[in-house]
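These are the residues of each chain, in order.
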Amino acid sequence: MEKPVLLVTRRMPQAVEARAAHDYEARLTASDTPIPDLLARAQGTDAILTCPGDVFNAALIGKLPDSVKVIATFSVGHDHIDVTEANGRGIAVCNTPDVLSLATAETALLLILTASRRAGEGERMIRARRWHGWAPTQLLGVGAAGRRLGIFGMGRIGRELARLASGLGMTIHYRDVVRLPSALEGDAVYHDNDASFLAVCDVLSLHAPGGGSTRHWLNAARIAQLPRGAVVVNAARGTLVDDAALIAALHTGQVGYAGLDVYDGEPKVNPGYLALENVVLLPHLGSATVATRDAMGFLALDGIDAVLAGRTPSNLVR
Ligand code: DGY
């Protein structure tokens, strides 16, 4: 029996490529960046496995061949895919929820600690050979215990972060469109408005989805409502932050430190961040553990398998 044809738009973990090649006539890709000939390579395919950075907007989706039945993204975020347009063409969209929640929450925690304890500055100091030995007042930061962590977007990743940060003695506050059921909420304090939420964020960690409705949510007006010297962390989507406003606040000290893993327009990074010592910058490695990336690939392939077999996948984006 002929295997269905699968276009893989990026180099994937080896175990994921092996499964794709076993189950499909897989058109694999050696590239870590978007391929220029995607449309040509999509001709005659039944399914596409892609990832953030490969933009499937209305124009591109409109040009896909009718044979394509499913696009699976190797990510939980799907703001790079016009899902309405895809569904309108009879193309299902799948993503990779759950399997990356812990890894991404760990990255947010890493940023909280790295920013608050000034570890990025320390690392840069050693590499620049500017460290002349231990000193009582050197690189004094702030600890986690007893501080209030505000989580904007209390989905699976936000809740994992709440669990990890509680273990460090932080108190958890959250803002979301709806309050969680008490079994999921635990000891976290819900805020039904931005003003009361922002006022308690010694540390603010962003975990909302990207897209138009959250674009530049963290703007100058909201930054002004944070406690002075707050720490801001973003391991969700760069579009949540108005970079000019955050950079200005890092200069004045209204935001004491920031930790960023994602950027508006990435891989471009606003040059204003690069000159600042009180920012730690990571290259979107939120979910980047070996086991997590394998699990993401397998879940994306599960979704493709299901759609092509006429079943509704558990990871269908609705
Ligand atoms: C996602 O899954 O959306 C992440 O940003 C990729 O790690």
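Refer to the structure presented above.
Criteria and cut-off values
Residues numbered from 1 in each chain as written. Predicted model: local features only at pLDDT ≥ 70, side-chain atom pairs only at ≥ 80, totals over all residues. Heavy atoms only, no water. Core = buried A, V, L, I, M, F, W, Y, C linked by side-chain atoms within 4.5 Å. Buried < 20%, exposed > 50% of the residue type's maximum accessible area, 1.4 Å probe, protein only. Helix = DSSP H or I, 4+ residues; strand = E, 2+ residues; numbered from the N terminus. Domains from an automatic or database assignment. Pairing = 2+ DSSP bridges. Axes fitted to C-alpha atoms, helices over the stretch in contact; angles between N-to-C directions. Expected span 1.5 Å × (residues − 1). Contact = heavy atoms within 4.5 Å.

Moving on, we get to the nonpolar core. With 47 residues, the main nonpolar core has Leu6, Leu49, Leu149, Ile172 and Ile304 as its most contacted residues. Tallying contributions element by element places helix α5 (residues 101-116) first for this core, with six residues. Each of domain 1 (5-99 + 290-308) and domain 2 (101-281) gives at least three residues to this core. Among the nonpolar cores identified, the runner-up in size contains 28 residues, and Cys201, Ala208, Leu250 and Val279 belong to it.

This part is about the sheet that holds strand β2 (residues 25-27). With respect to topology, five strands assemble into an open sheet ordered β2-β1-β3-β4-β5, the strand pairing being parallel. Edge positions in the sheet fall to β2 and β5 (92-94), since each has one partner strand and no second. Each neighbouring strand pair of the sheet contributes to a mean axis angle of 20°, computed without reference to strand direction. Where strand β1 (residues 5-8) and strand β3 (residues 47-50) come together, three bridges link them in parallel fashion. Paired with Leu6 across the two strands is Ala47, which belongs to β3.

Here the focus is the pairing of strand β10 (residues 230-234). With five of its five residues buried, β10 lies for the most part within the structure. A two-sided burial pattern is seen for β10, the buried positions comprising Ala230, Val232 and Asn234 on one face and Val231 and Val233 on the other. Sheet analysis places strand β9 (residues 203-206) next to β10, joined by four bridges and oriented parallel. If you follow Val203 over to β10, its bridge partner there is Val231. Direction of pairing for β10 relative to strand β11 (residues 255-260): parallel, over a ladder of five bridges. Bridge pairing in β11 links Ala230 to Val255.

This part covers the sheet that holds β9. The seven strands lie next to each other as β8-β7-β6-β9-β10-β11-β12, forming an open sheet whose pairing is parallel. Edge positions in the sheet fall to β8 (189-191) and β12 (279-281), since each has one partner strand and no second. Strand-to-strand, the axes of this sheet are offset by a mean angle of 15°, without reference to chain direction.

Moving on, we get to helix α13 (residues 290-308). Between its terminal C-alpha atoms α13 stretches 27 Å, which fits the 27 Å expected from 19 residues at 1.5 Å a residue. Those residues of α13 lying buried are Thr292, Asp294, Met296, Gly297, Leu299, Ala300, Leu301, Gly303, Ile304, Ala306 and Val307. Elements in contact with the buried residues of α13: β1, α1 (14-23), β3, β4 (70-73), β5 and α5. At the exit of α13 stands Gly310, carrying a positive phi of roughly 80°.

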